[in-house]
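Descriptive structure summary
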Amino acid sequence: MSNIVDPLVGQIADRVRTERERRRWTLAQLAEASGVSQAMISRIERGESSPTAVVLGKLSAAFQLSVSSLLALAEGTQDDTGEPAGVRRRDEAAEWRDPATGYRRRQVTSPHFPAEIAEIHLPPGAHVPYPAAAFAFVRQVVWVLDGHLTFHDGDSVHELDAGDTIELGEPTPRVFANTTDTECRYAVILTRGAQP
């Protein structure tokens with residue numbers, strides 16, 4: 001998908017830059033913390049490149065945020081009142097698309113809700129790995145809504161069908177994979193745990 005078509009590219013660019021500047025990090029420091037090259041971070045911050053799901057996972061891990069939190073903040077769903085967001089219509093919700101895999105993610109809850117809920121559409125053949133650090137300080141459940149998900153939890157592999165759930169334990173590298181020829185749709189529900 002072209003970056004020009006995705007309305008979230010600019011918002012993600014602003015949020016990544018804001019999170020980096022809040023920590024008073026240079027591009028080099030964020031690159032070191034995330035494992036993402038300075039050149040790629042610079043392109044993302046300028047809105048010239050949309051991060052893939054893998055890169056977004058590495059950046060959010062460096063910021064000690066969940067991918068859901070980073071995207072919700074980028075979408076501007078957070079307001080200053082701290083009040084619940086109220087009704088959010090499906091057509092009004094921003095949907096982020098991974099330019100590498102076609103993976104689509106829609107944030108269901110606002111940052112003020114005590115649990116973060118996201119709906120993900122994983123296309124056939126998509127393979128999305130995340131580093132262990134992306135799961136630090138969160139408790140997470142993956143709930144398959146439609147299709148089949150092959151979920152790698154460290155060295156363990158779980159084959160999950162519609163209705164199946166998996167509650168994640170200690171942070172470990174994880175991979176969300178769709179090895180079928182039909183789309184997989186699942187929800188990710190997480191809460192924040194103890195922070196450093």
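Notes on the structure follow. As the structure is a computational prediction, the values presented were derived from the model and not from experiment.

Structural notes on the pairing of strand β3 (residues 116–122)
Of all seven residues making up β3, six are buried, and the element is well covered by its neighbours. Summarising the sheet, β3 and strand β10 (residues 184–192) pair through seven bridges and their orientation is antiparallel. Bridge pairing links Glu-119 to Ala-187 in β10.

Here we look at the sheet that holds strand β7 (residues 156–161)
As summarised here, the arrangement of the four strands in space is β4-β9-β6-β7, forming an open sheet in which the pairing is antiparallel. Looking along the sheet, the strands with just one partner apiece sit at the ends: β4 (127–130) and β7. Direction aside, neighbouring strands of the sheet carry axes that sit 15° apart on average.

Digging into the packing of aromatic side chains
Under the defined criterion, the tally for this structure stands at six aromatic pairs. For the pair Phe-176 and Tyr-186, a centre-to-centre distance of 5.3 Å together with 5° between the ring planes defines the contact as stacked. Here Tyr-186 lies in strand β10 and Phe-176 lies in strand β9 (residues 174–177), a separation of ten residues in the sequence. As far as burial versus exposure is concerned, Phe-176 and Tyr-186 are alike and both buried. Clustering of aromatic rings is evident, with ring pairs tying together Tyr-130, Phe-135, Phe-151, Phe-176 and Tyr-186. The aromatic ring of Trp-25 is capped on one face by Arg-23, whose charged end is 5.9 Å from the ring centroid. We note Arg-174 situated over the ring of Phe-135; from NZ or CZ to the ring centre the distance is 4.6 Å.

Quick word on helix α4 (residues 53–62)
For an α-helix the count is 3.6 residues per turn, leaving residues at separations of three or four pointing the same way. The buried fraction of α4 is high, at eight of ten residues. Where α4 is concerned, the buried positions are Ala-53, Val-55, Leu-56, Gly-57, Leu-59, Ser-60, Ala-61 and Ala-62. Considering only its buried residues, α4 is in contact with α1 (8–22), α2 (27–34), α3 (38–45), α5 (67–75), β1 (95–97) and β4. Trailing α4 by a residue or two, Gln-64 shows a phi angle of about 55°, which is positive.

Description of the sheet that holds β3
Pairing is antiparallel across the open sheet formed by six strands, whose spatial order is β1-β2-β3-β10-β5-β8. At either margin of the open sheet sits one strand with a lone partner, and together these are β1 and β8 (165–168). Direction aside, the axes of adjacent strands within the sheet are offset by 20° on average. Alignment of β1 against strand β2 (residues 104–107), held across three bridges, turns out to be antiparallel. Among the inter-strand pairings, Glu-95 is bridged to a residue of β2, identified as Arg-106.

As for the packing of α2 against α3
Close contact between α2 and α3 brings their axes to 9 Å; oriented N to C, the two are set at 115°. As the angle between them shows, α2 and α3 are arranged roughly perpendicular. Like other packed secondary-structure pairs, α2 and α3 cross with a definite hand, here right-handed. Residues Leu-27, Ala-28, Leu-30, Ala-31 and Ser-34 of α2 touch α3, and the partners they reach there are Gln-38, Ile-41, Ser-42 and Glu-45.

Description of the pairing of β7
As paired strands, strand β6 (residues 148–153) and β7 are joined by six bridges and run antiparallel to one another. Across the sheet, Thr-150 pairs through a bridge with Glu-159, a residue of β7. Count of turn residues in the β6/β7 antiparallel hairpin: two residues, of which Gly-154 carries a positive phi of about 65°.

Each value, and the rule that gives it
Residues numbered from 1 in each chain as written. Predicted model: local features only at pLDDT ≥ 70, side-chain atom pairs only at ≥ 80, totals over all residues. Heavy atoms only, no water. Buried < 20%, exposed > 50% of the residue type's maximum accessible area, 1.4 Å probe, protein only. Helix = DSSP H or I, 4+ residues; strand = E, 2+ residues; numbered from the N terminus. Pairing = 2+ DSSP bridges. Axes fitted to C-alpha atoms, helices over the stretch in contact; angles between N-to-C directions. Phe/Tyr/Trp six-rings, centres within 6.5 Å; stacked < 30°, edge-to-face > 60°. Lys NZ or Arg CZ within 6 Å of the ring centre and 35° of its normal. Contact = heavy atoms within 4.5 Å. Parallel < 35°, antiparallel > 145°, perpendicular 65-115°, else oblique. Left-handed = near helix turned anticlockwise from the far one by under 90°.

Worth remembering: the numbers are spatial, not functional.
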